[in-house]
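What the coordinates show
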Amino acid sequence: MNRPLVAALAAAIALAAPAAADAHGVAGKRVFPTTLTIDDPAVSDEASLPTFQYQKHGANSDDNAFYQYDINGEYDKRITEHVGVAINYGYTIQDRINQSSRYGFSNLNTTLKWQFLQNAPHELLMSVGVIKAWGGSGANAVGAAAKGSTTPTVYFGKGFGDLPDALQWLKPFAFTGTLGYQFQDVPTSTSLDADSGMLTRSSNPDLFVWGASLQYSIPYLQANIKDLGLPEWLGRITPIVETNYAFPVTRSNGVNATGTIAPGFIWSGDSFQIGLEALVPGPKKTNNATGFVFQVHFFLDDIFPTTLGKPIFGN
Amino acid sequence: MRSTWQRVLLILLAIFLAAPPASAHAFLERASPAVGSTIHAAPAEITLRFTEPIEPAFSTVQVTGPGGERVEAGVPRVDASAPAVLRVPLKALGPGSYKVVWRVVSVDSHVTDGDFKFTVAP
């Protein structure tokens with residue numbers, strides 16, 4: 001066994017200092033499940049392992065069309081009860097239709113987030129954070145940018161549990177979202193085309209990035225509004241639609257908006273959740289086909305309540 | 001010869017397998033009278049079944065009647081044979097709508113709360 005590796009893991013476990021708090025995205029009666037394609041409004045001790053994504057990019061007639069498979073992992077760690085970090089990294093396989101396949105890591109992403117508002121009566125969570133994409137940490141061959149970006153972001157989650165009782169069937173609805181502005185580390189970049197061997201110069205526009213989810217919590221319905229007598233496995237499902245878009249706002253020279261609409265469901269267990277969503281391309285210009293994303297997500301505060309599941313500092 | 005990634009995966013797997021039994025948040029799984037139900041016979045007690053064992057010393061249940069009056073006849077007690085079940089004795093209930101407000105602490109100290117209504121029909 002690799003001793004430095006074991007030592008690093010042991011140190012990480014030892015660093016988890018004592019404390020106790022609520023690591024889930026919880027506001028009053030509302031539990032916000034972890035969304036698959038956009039970030040959550042809460043900080044947490046959780047891990048997504050793995051997130052598997054499949055989507056065909058480009059039309060069959062397109063020489064550059066390919067089937068893309070992404071396998072990602074994310075680790076979320078609270079520093080204090082309301083401040084956390086996240087690390088996201090993944091591996092990409094592009095199975096090209098008319099060319100040889102490409103493989104490599106995507107760029108490393110890290111997030112620093114502060115959850116500054118948790119309002120129980122109104123089931124409201126809000127956070128602010130900064131996402132750093134580390135340019136050059138992934139493989140250029142699979143589209144990982146050579147230069148990085150920095151994205152200040154606002155996160156929010158709002159449950160509808162404070163609606164009047166006359167609208168009680170709408171109370172299980174919740175809405176989450178993110179709004180961010182992505183600054184590119186450098187406005188233009190030069191890269192080597194793997195096929196032609198030519199140097200290409202491209203514009204790196206700043207982007208307005210946003211995401212949203214609309215979800216209907218069957219667990220909330222069963223526990224707070226009306227017990228429909230559903231089997232336990234069915235009573236743990238949250239149907240959900242997520243969407244995310246990125247629009248160029250500067251130097252857009254030919255760079256198109258990108259985005260997806262992702263309908264699916266999340267099944268919440270006691271210490272993990274499973275999510276499955278279709279990935280429907282948003283802008284038609286991309287010629288992408290419908291794909292899917294599947295995720296297994298672990299609640300480390302429930303699995304390791306006395307070690308990895310606690311914030312490093314404070315209660 | 002194993003790659004570094006294989007070693008990392010093996011270590012992560014070992015950590016998860018070596019983890020103590022998960023003791024997660026206690027969410028309400030079933031209640032009697034059922035959430036949102038209408039019943040014709042007044043219940044003698046409220047029974048709340050949670051997804052995890054709970055700590056009775058730090059858990060509360062309040063039941064209020066149609067006029068806002070409290071109708072519990074005693075403190076919540078955990079079922080001796082089922083540590084995830086909380087029972088609350090009730091006074092004699094007349095017809096009307098009743099609201100149950102609960103707040104429980106699971107044995108690993110996670111706090112959850114919720115509320116629901118049931119109706120006693122004449």
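Residues numbered from 1 in each chain as written. Chains lettered and ligands numbered in written order. Predicted model: local features only at pLDDT ≥ 70, side-chain atom pairs only at ≥ 80, totals over all residues. Heavy atoms only, no water.

What follows covers the overall build of chain B. Each helix and strand counted, chain B has one helix and eight strands in total. For chain B, the proportion of its 122 residues judged to be buried stands at 43%. Taking all contacts inside chain B whose residues are at least 6 apart in sequence as the whole, residues at least 24 apart take part in 58%. As presented, chain B carries roughly 6,300 Å² of accessible surface, and 60% of it is formed by carbon and sulfur atoms. (Helix = DSSP H or I, 4+ residues; strand = E, 2+ residues; numbered from the N terminus. Buried < 20%, exposed > 50% of the residue type's maximum accessible area, 1.4 Å probe, protein only. Contact = heavy atoms within 4.5 Å. Areas by Shrake-Rupley, 256 points an atom, 1.4 Å probe, with all protein chains shown as cover.)

Turning our attention to the sheet that holds strand 4 (residues 60-64) of chain B. Residue and element names in this part refer to chain B. On the basis of which strands lie adjacent, the open sheet formed by four strands has the order 2-8-7-4 and mixed pairing. Across the chains shown, the open sheet's two edge strands, defined by having one partner strand only, are strand 2 (38-39) and strand 4. Pairing between strand 2 and strand 8 (residues 111-120): two bridges, direction parallel. Bridging across to strand 8, Thr38 finds its partner in Thr119. (Pairing = 2+ DSSP bridges.)

Taken together, the side chains of Trp114(A), Phe116(A), Val128(A), Val154(A), Leu179(A), Phe208(A), Phe247(A) and Val249(A) present a nonpolar region at the surface, about 640 Å² in accessible area. Within the secondary structure, Trp114(A) is located in strand 7 (residues 108-119). (Patch = residues over 30% accessible without salt bridge, like charges linked within 9 Å, V, L, I, M, F, W, Y side chains within 5 Å. Salt bridge = Lys/Arg side-chain N within 4 Å of Asp/Glu carboxyl O.)

A word on the pattern of salt bridges. Tallying each qualifying case throughout the model produces 17 salt bridges over all chains. Across the salt bridge formed by Glu29(B) and Arg49(B), the nearest N and O atoms sit 3.1 Å from each other. With Glu29(B) in strand 1 (residues 28-32) and Arg49(B) in strand 3 (residues 45-50), this pair connects stretches of sequence that are 20 residues apart. When salt bridges that share partners are traced, they join Asp45(A), Lys77(A) and Arg78(A) into one network.

Time to look at the sheet that holds strand 3 of chain B. Hydrogen bonding along the main chain pairs the strands of a sheet, whether they run parallel or antiparallel. Residue and element names in this part refer to chain B. Strand order in this open sheet of four strands is 1-3-6-5, and the pairing throughout is antiparallel. Unpaired on one side and paired on the other, strand 1 and strand 5 (77-79) mark the two borders of the sheet. Direction aside, the axes of adjacent strands within the sheet are offset by 30° on average. As paired elements, strand 1 and strand 3 share four bridges and run antiparallel to each other. Considered in strand 3, the bridge of Arg30 is made with Arg49. (Axes fitted to C-alpha atoms, helices over the stretch in contact; angles between N-to-C directions.)

With that settled, the discussion passes to the pairing of strand 8 (residues 124-134) of chain A. Residue and element names in this part refer to chain A. Note that strand 7 and strand 8 share eleven bridges and pair antiparallel. Bridged to Trp114 within strand 8 is Val128. Linkage of strand 7 to strand 8, two consecutive antiparallel strands, is achieved through a turn of four residues, within which Glu123 is found at a positive phi near 50°. Relative to strand 9 (residues 149-159), strand 8 is paired through ten bridges, and the arrangement is antiparallel. Across the sheet, Met126 pairs through a bridge with Phe156, a residue of strand 9.

With 91% of its residues at a pLDDT of 70 or more, chain A has an overall mean of 87. Here residues 1-21 of chain A is modelled with pLDDT under 50, and outside its nearest four sequence neighbours on either side it reaches 32 contacts, counting other chains as well. (pLDDT = per-residue confidence, 0-100.)

Before going further, it helps to spend a moment on the packing of aromatic side chains. Residue and element names in this part refer to chain A. Scanning the model with the defined rule gives 17 aromatic pairs over all chains in all. Here Phe173 and Tyr216 contribute two aromatic rings whose centre-to-centre distance is 4.7 Å and whose plane-to-plane angle is 70°, an arrangement assigned as edge-to-face. Linking Phe173 in strand 10 (residues 173-184) with Tyr216 in strand 13 (residues 207-216), this pair joins segments that are 43 residues apart in sequence. These aromatic residues form a ring-pair network of at least three members: Phe52, Tyr54, Tyr67, Tyr69 and Phe292. Lying across the ring of Tyr220, Arg30 places its NZ or CZ 4.0 Å from the centre. Here the guanidinium or amino end of Lys132 rests over the ring plane of Trp134, the centre of that ring lying 5.4 Å away. (Phe/Tyr/Trp six-rings, centres within 6.5 Å; stacked < 30°, edge-to-face > 60°. Lys NZ or Arg CZ within 6 Å of the ring centre and 35° of its normal.)

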